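Observations on chain architecture
Okay, here's what each chain looks like letter by letter:
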Amino acid sequence: MKSKVYGALLLGLSGCMLVACSDGGGTSDTSGASQKQLVASAKASAPACAAAWDASAVYVGGNSASYNSTNYTANWWTQGNNPATDSGSSGSGKPWTSTGACGSGTPTPPVTPPVTPPVTPPTPGSTVGTINYHLLLGAGSAQDQLVLDGGNYNDLIMSNIIAGVMYGHLVQEYYPGLQFQKDYLYGSIMGQLLQENIETGLYVNTGSLIDPSPDQQAVMGAGQGGPYQINNYAADMVSGSYTPAGHSLINYVAIQKNIGYTMATAPQQYTKVTPPSFNNKYYGPMLTAYFHYNDFVALILTGKGTGGWVTPWQPYYDNTLVNFTTLPNNFLDVLLNVAYNQGYYGTLMTSYSKLGATATAATVAAVNSYSSIWGVTDTYQQYPYQVRYYLDQLYGNPIPTTSATTFATPANHVVFNIATLETVFANVFQTLAYVNSSGQSAYITTAQAQTAFNSALATSGVSASGTLDLSSATDRAQIFSVLENAIGNLESSLGTKFNATTNVQL
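Here's what I pulled together on the structure shown here.

Conventions and cut-offs
- Residues numbered from 1 in each chain as written.
- Predicted model: local features only at pLDDT ≥ 70, side-chain atom pairs only at ≥ 80, totals over all residues.
- Heavy atoms only, no water.
- Buried < 20%, exposed > 50% of the residue type's maximum accessible area, 1.4 Å probe, protein only.
- Helix = DSSP H or I, 4+ residues; strand = E, 2+ residues; numbered from the N terminus.
- Contact = heavy atoms within 4.5 Å.
- Disulfide = S-S within 2.5 Å.
- Pairing = 2+ DSSP bridges.
- Axes fitted to C-alpha atoms, helices over the stretch in contact; angles between N-to-C directions.
- Patch = residues over 30% accessible without salt bridge, like charges linked within 9 Å, V, L, I, M, F, W, Y side chains within 5 Å.
- Areas by Shrake-Rupley, 256 points an atom, 1.4 Å probe, with all protein chains shown as cover.
- Salt bridge = Lys/Arg side-chain N within 4 Å of Asp/Glu carboxyl O.
- Arc of directions from axis to C-beta.

Burial runs high along helix H8 (residues 332-341): ten of the ten residues are buried. Every buried residue belonging to H8 is among Leu332, Asp333, Val334, Leu335, Leu336, Asn337, Val338, Ala339, Tyr340 and Asn341, and all of these are buried. Contacts from the buried residues of H8 go to helix H2 (154-174), helix H3 (182-196), helix H6 (284-301), helix H7 (316-324), helix H9 (347-357) and helix H11 (379-395). Immediately beyond the C-terminal end of H8, within one or two residues, lies Gly343, with a positive phi of roughly 105 degrees.

This paragraph deals with the state of the cysteines. Here the structure, examined in full by the defined rule, presents one disulfide. Paired through a disulfide, Cys49 and Cys102 show a sulfur-sulfur distance of 2.1 Å. In this structure, the disulfide formed by Cys49 and Cys102 twists by about 85 degrees around the S-S bond and is classed as right-handed. With Cys49 in the loop between helix H1 (35-45) and strand S1 (58-59) and Cys102 in the loop between strand S5 (96-101) and strand S6 (130-133), this residue pair connects regions lying 53 residues apart in the sequence. Across the pair, Cys102 and Cys49 agree in class, each one buried.

The amide bond that connects Gln314 to the next residue, Pro315, takes the cis arrangement and shows omega of 5 degrees. The residue Pro315 is located in the loop between H6 and H7 in this model. With phi around 60 degrees, His134 is a residue other than glycine that occupies positive phi space. Here His134 is to be found in the loop between S6 and strand S7 (144-147).

Turning next to the sheet that holds strand S2 (residues 64-67). In space, the three strands of this open sheet follow the order S2-S3-S5, with antiparallel pairing throughout. Strands at the two margins of the open sheet, each flanked by one partner only, are S2 and S5. Direction aside, the axes of adjacent strands within the sheet are offset by 30 degrees on average.

All right, on to a nonpolar patch on the surface then. Taken together, Val435, Val504 and Leu506 make up a surface patch of nonpolar side chains, about 220 Å² in accessible area. You can see Val504 is positioned in the segment after helix H14 (473-494).

Along H7, the positions that sit buried rather than exposed are Tyr317, Thr320, Leu321, Asn323 and Phe324. Along the axis of H7, the buried residues cluster in a sector spanning 165 degrees; they form a single face. For H7, the elements touching its buried residues are H6, H8 and H9.

The quantities given are spatial measurements derived from coordinates; they are silent on function.
Following this line, the structure appears as structure tokens:
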């Protein structure tokens, strides 16, 4: 894996490097037929129109809809995006792609998950503050700010926190009893978005794209992995090949159905533009959660078995996991973010694994201190702490200012409306699938997600009509509890495991 360096993405954003260009020219009519005759002929030979686009309907990747005698195919989960004004070629980042003119045949309704109500925005002014990001701690000032006032980013933050809790759920499902700092592990997906994306500040909550601006499309280039830059997503993390052998994203039952490529095309996917689904605000964060979970598992399995070899991080990594089952507030998030950013075979992976294997409370305190990287210009060393710094701002935790030991507490508040959180939870899980009792891969429904969520509210003692402040430690613990229980409830009711893998195309 390679490092993702923010500055590198600023190059080559203009021109036609990343999408097909058009010269704007048309074709002349050499047949002598009138325009009306040409239209009539086209209609006679055109395929039947799909069901008319419905602004309130939910469409998933592969669904069809028609608008003004043109058929469109959804590139990923989308709702409320008019295909006539929000379509483009594959890799354009648009939710729809035109498949051409259609005739007047009887439309066939698309198969879609049940409709989810639109997200209800929070009360204006309830969410306030600023997140400074794209900076080296102690070695440079912030290049960008996320202004939280008014709650434009609330649903995006929610979807990232939901994905982060799923990340922790998957880790604990594989390794029961493993401890970690929930604030940082659950928040890793959101922190990664801020550091790795070009300009998250351009996000607009009325659309479904994380990156709605053409200026950001560099992240959708070949192999980039979208706004989170999970740029080795097509590779099998254990075998190292581009043939899915059990540990690539395409192998996970929950995300395979909506990912935008197949097992048959996976070996070539790294040469193509990133699938548009990676840019969806409900699905993209979940893909990233699975990517990190895949890292976690691959670090355990790589090199073992017949024909195996000793990797540089072993046996230290395995010993670290054993140690972390009894060591609270440990730095598992740092270890896994190093694996993502520098890669498995980088020197930091081995050094942090060695620290973790014999870590005590004193070791944890030293690693957790911003002093350990303050002023360092190596982006590999900075990355895990950049993520923590952005999250500390989001959570209203004290952050270092003029030095690693001089702290201030930001006046940030991110208020989650519980009804909105339920809607976002349902929207996120409608992008995921499971194998039902008939043996078919099916999308999770709104009703299934809402039932799981409402049961979790009761278990956690949270009112469905209330609000919780992500920037309050007490409220944040309740948010985490609700999401943990909701994911567990959904898994139980569906009779599935969200870490289940398959070696066949479902």
